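# Per-entry structural report
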Amino acid sequence: MSFALHGLAVSGGIAIGRAHLISHATLEVSHLLIAPRLVDKEVERFEMALQRVREEFAALKGRMQHASSEFGAFIDLHSMILADPELAETPKQLIRERRCNAEWALVQQMELLVDQFERIDDQYLRERSYDVRQVVERVIKELVGQPGRMALRTNKGFKEENLIVVAHDLSPADVIAYKDHHFAAFVTDVGGSTSHTAILARSLRIPAILGLIHARQLIRDKEVLIVDGTRGVLIVNPDQRVLEEYRLRKSQIELERTKLRRLKTARSATLDGIDIDLHANIELPGDIAGALDSGAEGVGLFRTEFLFLDRGDMPTEDEQFEAYRKVVKGMAGRPVTIRTFDLGYDKDLHPEKSLGGRVQNNPALGLRAIRLSLAEPKMFQTQLRAILRASKYGKIKLLIPMLSQAHEIDQTLAAVERAKASLRGERVVFDETIAIGAMIEIPAAALAVGLFLRRLSFLSIGTNDLIQYTLAIDRSDEQVSQLYDPLHPAVLMLLAHTIASAEKVNIPVSICGELAGDPSLTRLLLGMGLRQFSMHPAQILSVKQRIMQSNCAELAPLVRRMLRYEEPGKIREQLDKLNA
Ligand code: PEP
Ligand code: MG
């Protein structure tokens, strides 16, 4: 049966392929036959994984003193399940007798138990099968060695290029792993349009739709799918006529992309001769190839936290130094803006282990980004030293996320000074004049931007978070995504105020949030006075095309008038006029 689902269009283009269902780690474990001499080791591996999960539960429990008793009971139940010999002992027997790998042994045993639970009449007990699954999944993740990351499996008979990943949810750490794969597209049930999952989807340059609600439940493995990432439409089992139509649309999009490529070396300037800097946002050193290929004049945002997201511990100074140096050298003299770790919120570094964290009720408002860095001075010094050391190899700018208070800026500057002093003491060469700037992504920072302009040498507006915090809309929650409005008058006021204030004192300001890569907003931003944009490389040429067709002198008065409106209808009407 053919049907269509609608979700959030987060990465444009069209993909046609087969469904590749990704879900619980348990569905994707490999089935291996263990060599007799390795059986003991496999049992030991299983025991160690159990032990780590046991410790994790105990730590969670320890931190739960002030939390609800419900959560404590939940942890107790999971600890009990984990200790049950059916899960803790029988798999060892399976490993020894059938020589299965630990994951497979555990999943077999889980299926047996789940089956037993599901036959129970009592609803409460029947539902405990979910808890068994959850506990087993936790152990499997330990075994796979990538806590928090979803295991990938292969779909035999199909090349990755023809597969469309269908998942209930993907964390940023899951998606970053896809950079090493070549899937045609991906779709999920949950996630907002500026969530980090969505941002990574765009960076993979494959069509993606999030917030499809029930896709994972309704779609079967290997069914034919069409992903229209531009409109947010997913068609399951399309008929021949629809397939033909989409094949045609796909080739038209490819043709347009080929035409755009001619702009790669064109000067990025407006019709009235104003040069506009177009920089790239990157997550991994490997992304610089794409940045250069799209003609980026620099890296405007290197989200360093992605380098280390799925490893569960902090990278050493040398590891970080090598990563930063690689980017700077790869960009061959072009400026590289390195943002210090923006960990926390949806990008957790396995906090219960590495950072001594606690469960946060409101992680977006919690110990995130610079707040975490200042709370973990050792970790921060390690990163600052690594960045400073890499500054010897090119033009690095240091960007600090989530600053809002004057004393945080002062503390940060003092931390940089400490890192510099320690390097000087070791006679390590670095750029003494390295520029330090702030992300403006909290409304308080935009409103009191003077605090930043007096202390720092550049600004970069993070509109993804600025909108989230201004409108109180979780950027990763599809249920409120229709309220996430970049054109809300309050957002426009904050942007205009920040840009104009920086311009007045001659401090460079850029936008590195997703807004910068949306060609339908390019003229609005040019009219506000923005001259530096940083976006995912895939967007650079479309934005450049728009810049080359625009005239700043004409746009400025139109945008000034637009900023006087508060009514959404009026604002949109004015935007249409700008873009006409
Ligand atoms: C932003 O908030 O706009 C931004 C660029 O940072 P991130 O998306 O990584 O939070
Ligand atoms: Mg941000």
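The preceding data block contains the structure.
Treat the numbers as computed from the prediction; the structure is a model and nothing was measured. (Residues numbered from 1 in each chain as written. Chains lettered and ligands numbered in written order. Predicted model: local features only at pLDDT ≥ 70, side-chain atom pairs only at ≥ 80, totals over all residues. Heavy atoms only, no water.)

### Topic: the site of ligand 1
In the neighbourhood of ligand 1, 17 residues make up the surrounding shell, with Arg 303, Arg 339, Gly 462, Asn 464 and Arg 475 lying closest. Taking Arg 303, its side chain carries an N or O atom lying 2.7 Å from an oxygen atom of ligand 1. Surface burial for ligand 1 is 100%, taken as the share of its 290 Å² of free accessible area covered by protein chains. Counting residues per element, the ones that place at least two in the shell around ligand 1 are helix H8 (196-204), strand E10 (299-303) and helix H19 (463-471). Ranked by residues supplied to the shell around ligand 1, first place goes to H19 with 3 residues. Its residues assigned to classes, the shell around ligand 1 comprises 4 nonpolar, 5 polar and 8 charged. (Near = heavy atom within 4 Å. Polar contact = N/O pair within 3.5 Å; in protein donor to acceptor, adjacent residues only side chain to side chain. Areas by Shrake-Rupley, 256 points an atom, 1.4 Å probe, with all protein chains shown as cover. Helix = DSSP H or I, 4+ residues; strand = E, 2+ residues; numbered from the N terminus. Nonpolar A, V, L, I, M, F, W, Y, C, P; charged D, E, K, R; others polar.)

### Notes on the coordination of the magnesium ion (ligand 2)
Note on the magnesium ion (ligand 2): its protein donors are Glu 441 (OE) and Asp 465 (OD). The metal-donor distances range over 2.0 to 2.1 Å. Highlighted residues: Glu 441 in the loop between strand E13 (435-440) and helix H17 (443-447) and Asp 465 in helix H19, separated in sequence by 24 residues. In this structure, Glu 441 and Asp 465 share a single accessibility class: buried. (Donors = N, O, S within 2.8 Å, 3.2 Å for Na, K, Ca; no water. Buried < 20%, exposed > 50% of the residue type's maximum accessible area, 1.4 Å probe, protein only.)

### Considerations on the packing of aromatic side chains
For the structure on display, the rule yields 2 aromatic pairs. A ring pair is formed by Phe 302 and Tyr 324, whose centres lie 6.0 Å apart and whose planes are at 80°; its orientation type is edge-to-face. Of this pair, Phe 302 sits in strand E10 while Tyr 324 sits in helix H12 (residues 317-330), and the two are 22 residues apart along the sequence. Judged by relative accessible area, Phe 302 falls into the buried class, the value being 0%. A centroid spacing of 6.1 Å and a plane angle of 55° characterise the contact between Phe 321 and Tyr 393, whose relative ring orientation is tilted. Remark: Tyr 393 occurs in the loop between helix H15 (377-390) and strand E12 (396-400) and Phe 321 occurs in helix H12; sequence separation between them is 72 residues. We note Arg 249 situated over the ring of Tyr 246; from NZ or CZ to the ring centre the distance is 4.6 Å. Across the ring face of Phe 321, the terminal group of Arg 389 is positioned such that the distance to the ring centre comes to 4.2 Å. (Phe/Tyr/Trp six-rings, centres within 6.5 Å; stacked < 30°, edge-to-face > 60°. Lys NZ or Arg CZ within 6 Å of the ring centre and 35° of its normal.)

### A look at the pattern of salt bridges
Where charged atoms of side chains with opposite charge meet at close range, the side chains can pair. Within the structure shown, the criterion is met by 35 salt bridges. Measuring nitrogen to oxygen at the nearest pair gives 3.3 Å for the salt bridge that ties Arg 138 to Glu 142. Here Glu 142 and Arg 138 lie together in helix H6 (residues 123-144), a separation of 4 residues that amounts to about one turn. Just as Arg 138 is buried, Glu 142 falls in that class too. Between Arg 325 and Glu 322 there is a salt bridge whose closest N-O contact spans 2.9 Å. Note that Arg 325 and Glu 322 are positioned in helix H12 at a spacing of 3 residues, about one turn of the helix. Owing to a relative accessible area of 22%, Arg 325 belongs among the partly exposed residues under this scheme. Salt bridges linked by common partners bring Glu 305, Arg 339, Asp 342, Arg 368, Asp 465 and Arg 475 together as one network. (Salt bridge = Lys/Arg side-chain N within 4 Å of Asp/Glu carboxyl O.)

### Considerations on the packing of helix H23 (residues 552-562) against helix H24 (residues 568-579)
Packing of H23 against H24 leaves a shortest axis separation of 10 Å and a crossing angle of 170°. Viewed along their axes, H23 and H24 adopt a mutual orientation that is roughly antiparallel. Judged by residue contacts, Leu 555, Leu 558, Val 559 and Met 562 of H23 engage Ile 571, Gln 574, Leu 575 and Leu 578 from H24. For the contact of H23 with H24, the per-class residue count stands at 7 nonpolar, 1 polar and no charged. (Axes fitted to C-alpha atoms, helices over the stretch in contact; angles between N-to-C directions. Parallel < 35°, antiparallel > 145°, perpendicular 65-115°, else oblique. Contact = heavy atoms within 4.5 Å.)

### Comments concerning unusual backbone geometry
Unusually for a residue other than glycine, Asn 237 sits at a positive phi of about 50°. You can call Asn 237 partly exposed: its relative accessible area is 23%.

### Regarding helix H4 (residues 90-98)
Working note: α-helix, 3.6 residues per turn, so residues spaced by three or four point in the same direction. Those residues of H4 lying buried are Pro 91, Lys 92, Leu 94 and Ile 95. Taken around the axis of H4, the buried residues stretch over an arc of 160°, which confines them to a single face. The secondary structure elements touched by the buried residues of H4 are helix H1 (39-62), helix H3 (85-88) and helix H5 (102-118). Within two residues after H4, Arg 99 carries a phi angle of roughly 55°, on the positive side. (Arc of directions from axis to C-beta.)

### Let's talk about the nonpolar core
Phe 186, Tyr 324, Leu 459, Leu 524 and Phe 533 are the most contacted members of the largest nonpolar core, which totals 115 residues. Counting contributing residues per domain, this core is built from domain 1 (3-24 + 153-258) and domain 3 (265-579), each supplying no fewer than three. Ignoring anything within four residues of it in the chain, the contact list for Leu 459 reads Ala 438, Ile 440, Val 449, Phe 452, Leu 453, Thr 498, Ala 502, Ile 507, Pro 508, Val 509 and Ser 510. Grouped together as the second largest cluster of nonpolar side chains are 30 residues, Val 43, Phe 46, Ala 49 and Ala 105 included. (Core = buried A, V, L, I, M, F, W, Y, C linked by side-chain atoms within 4.5 Å. Domains from an automatic or database assignment.)

### Describing the sheet that holds strand E4 (residues 163-167)
Spatially, the 8 strands line up as an open sheet ordered E1-E8-E7-E3-E4-E5-E6-E2, and their pairing is mixed. Either end of the sheet is taken by a strand with one partner, and the two such strands are strand E1 (3-6) and strand E2 (8-11). This sheet shows a mean twist of 30° between the axes of neighbouring strands, independent of strand direction. Against the sheet, H8 makes contact with E2, strand E5 (185-188) and strand E6 (208-210), and its axis sits at roughly 50° relative to E2, the strand it touches most. Sheet strands touched by helix H10 (residues 240-260): strand E3 (14-22), strand E7 (224-228) and strand E8 (233-236). Its angle to E3, the strand with the most contacts, is close to 110°. (Pairing = 2+ DSSP bridges.)

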